[in-house]
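The chain contents come next:
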Amino acid sequence: MITSFLLRALEGRVIAAVAILLAVAVIVPACNLLLPQDSALHIPTYAMALMGKYLCYALLALALDLVWGYCGILSLGHGAFFALGGYAMGMYLMRQIGSRGTYGNPLLPDFMVFLNWKELPWFWHGMDMFWFAMLMVLVVPGLLAFVFGWFAFRSRVNGVYLSIITQAMTYALMLAFFRNDMGFGGNNGLTDYKDILGFSVQADGTRAVLFALSAVMLSLCLVVASAIVRSKFGKVLVGVRDAESRVRFLGFRVENIKLFTFVVSAMFAGIAGALFVPQVGIINPGEFAPANSIEVVVWTAVGGRGTLVGPIIGAVLVNGGKSFFTGAFPEFWLYALGALFIGVTLFLPKGIVGTIAHGWNARKGLRAAAEAEKGRDAGPPPSAQQVQAAE
């Protein structure tokens, strides 16, 4: 049953994207680990980590596209789910430090010792076990999305009002996590990681595995998202986006449809955050900043809302441009980002992939119409009597 559900996702665009991602998952680590540093094809470790960060951002953009592109929910708070997944991973990595910290406390992280904490808070218990931490990566963002969506969707909060509430949610979480008494490191966040599953986080081999895992998880989430939107549920989902009142009058529980999609999207964002943290080496309350969630909207719009593959391309292109501009012209980056968003809105309202797909479909339509017109000009085929008379 699960296999048949996933096979529905295998349409041409998704197959191509998955094939490219899986190829990248093999080629990039191989170029880093197997080729000598003086080789022209060698990929430095810092560049591989940077590309791994782009893949995590691409997964976050995919998560937003699932709710915005197919359900019509413009969330300006997906950075909160991303950050919560990152904090769950960061807590696990902090527990792995043990007595190797600055203060040598085998149980309490350094920031707790510095703040004179006497015992480990209850919500840190179990985070030293990898399986439990990975479960929290899914449960914590999913639970927050469930509670938020339960009240918001049943109250029929829609449109710009819902967007503002999601932004308020992530801003409130940012203020809360900045507090030292919350037990999450305050302004400094969680950093100075040592090991993950017994392997050094700084080792080239570990970073290569994390990069490959990011590409594989992005591929898997892409297949799951495609299977959802191409199923019967996905057709109803698009109906909610385009005509919510009609879907409601047909007897569907629109709030449940929105809630399920919102929770799945939040879990995708949590996975992205968990993969992001060990590759970057830090997680702090800045990841909750509303501006980060707005940037995710820009990535999705640039790549193409409602295309699944488009947001992945948009996230990679925009963040690649950000890395270039912030290095070459740091004072002009925000202007470039604003100009990009305005230009896409005016000239590519469907995004890169959406515009290409629209042009391709229009071309096929014109070709089909021309062939039909040519068939009418040729006239009807000769009848049997006409053939006998000609003979």
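It should be noted that the structure appears before, not after, this text.
Predicted model, so just to flag it, every value in this text is computed and none were measured.

Colleague: Run through the overall build of the protein, naming residues and quoting values.
Modeller: Counting its secondary structure elements, the protein contains 16 helices and four strands. Buried residues in the protein amount to 46% of all 391 residues. Of all intrachain contacts in the protein linking residues separated by at least 6 positions in sequence, the fraction that spans at least 24 positions is 77%. Roughly 19,800 Å² of accessible area belongs to the protein as shown, and the carbon and sulfur atoms make up 68% of that amount. Computed over 27 positive and 20 negative side-chain charges, the separation of the two mean positions in the protein equals 8 Å.

Colleague: Would you mind going over the pattern of salt bridges in detail, with residue names and values included?
Modeller: Any two side chains of opposite charge can pair if their charged atoms end up close together. Counting across every chain of the model gives ten salt bridges. Between Glu-244 and Lys-258 there is a salt bridge; the shortest N-O distance is 3.0 Å. Taken together, the residues span a long stretch of sequence, with Glu-244 in helix α10 (residues 244-249) and Lys-258 in helix α11 (residues 254-280) at a distance of 14 residues. In this pair, the class of Glu-244 matches that of Lys-258, namely buried. Between Glu-255 and Arg-248 there is a salt bridge whose closest N-O contact spans 3.3 Å.

Colleague: Now, about the state of the cysteines: what can you tell me, with residues and values included?
Modeller: Here the structure, examined in full by the defined rule, presents zero disulfides. Cys-31 takes part in no disulfide bond, and the closest cysteine sulfur, belonging to Cys-56, lies 20 Å away.

Colleague: Talk me through a nonpolar patch on the surface; I want residue IDs and the actual numbers.
Modeller: Residues Met-129, Trp-131, Leu-135, Leu-138, Val-139, Leu-143, Phe-146, Val-147, Trp-150 and Phe-151 make up a contiguous nonpolar surface patch of about 930 Å² in total accessible area. Assignment of secondary structure puts Phe-151 in helix α6 (residues 130-154). Residue classification places Phe-151 among the exposed residues on the basis of a relative accessible area of 55%.

Colleague: Lay out unusual backbone geometry with the relevant residues and their values.
Modeller: Residue Asn-116 is not a glycine yet carries a positive backbone phi of 65°. As for its placement among the helices and strands, Asn-116 is situated in the loop between α5 (110-114) and α6. In this structure Asn-116 comes out as exposed when scored by relative accessible area, which is 56%. Within the chain, Asp-192 stands out as a residue other than glycine whose phi angle is a positive 60°. Along the chain, the position of Asp-192 falls in the loop between β1 (190-191) and β2 (195-196).

What counts as what
- Residues numbered from 1 in each chain as written.
- Predicted model: local features only at pLDDT ≥ 70, side-chain atom pairs only at ≥ 80, totals over all residues.
- Heavy atoms only, no water.
- Helix = DSSP H or I, 4+ residues; strand = E, 2+ residues; numbered from the N terminus.
- Buried < 20%, exposed > 50% of the residue type's maximum accessible area, 1.4 Å probe, protein only.
- Contact = heavy atoms within 4.5 Å.
- Areas by Shrake-Rupley, 256 points an atom, 1.4 Å probe, with all protein chains shown as cover.
- Lys, Arg positive; Asp, Glu negative; His and termini not counted.
- Charge placed at Lys NZ, Arg CZ, Asp CG, Glu CD.
- Salt bridge = Lys/Arg side-chain N within 4 Å of Asp/Glu carboxyl O.
- Disulfide = S-S within 2.5 Å.
- Patch = residues over 30% accessible without salt bridge, like charges linked within 9 Å, V, L, I, M, F, W, Y side chains within 5 Å.

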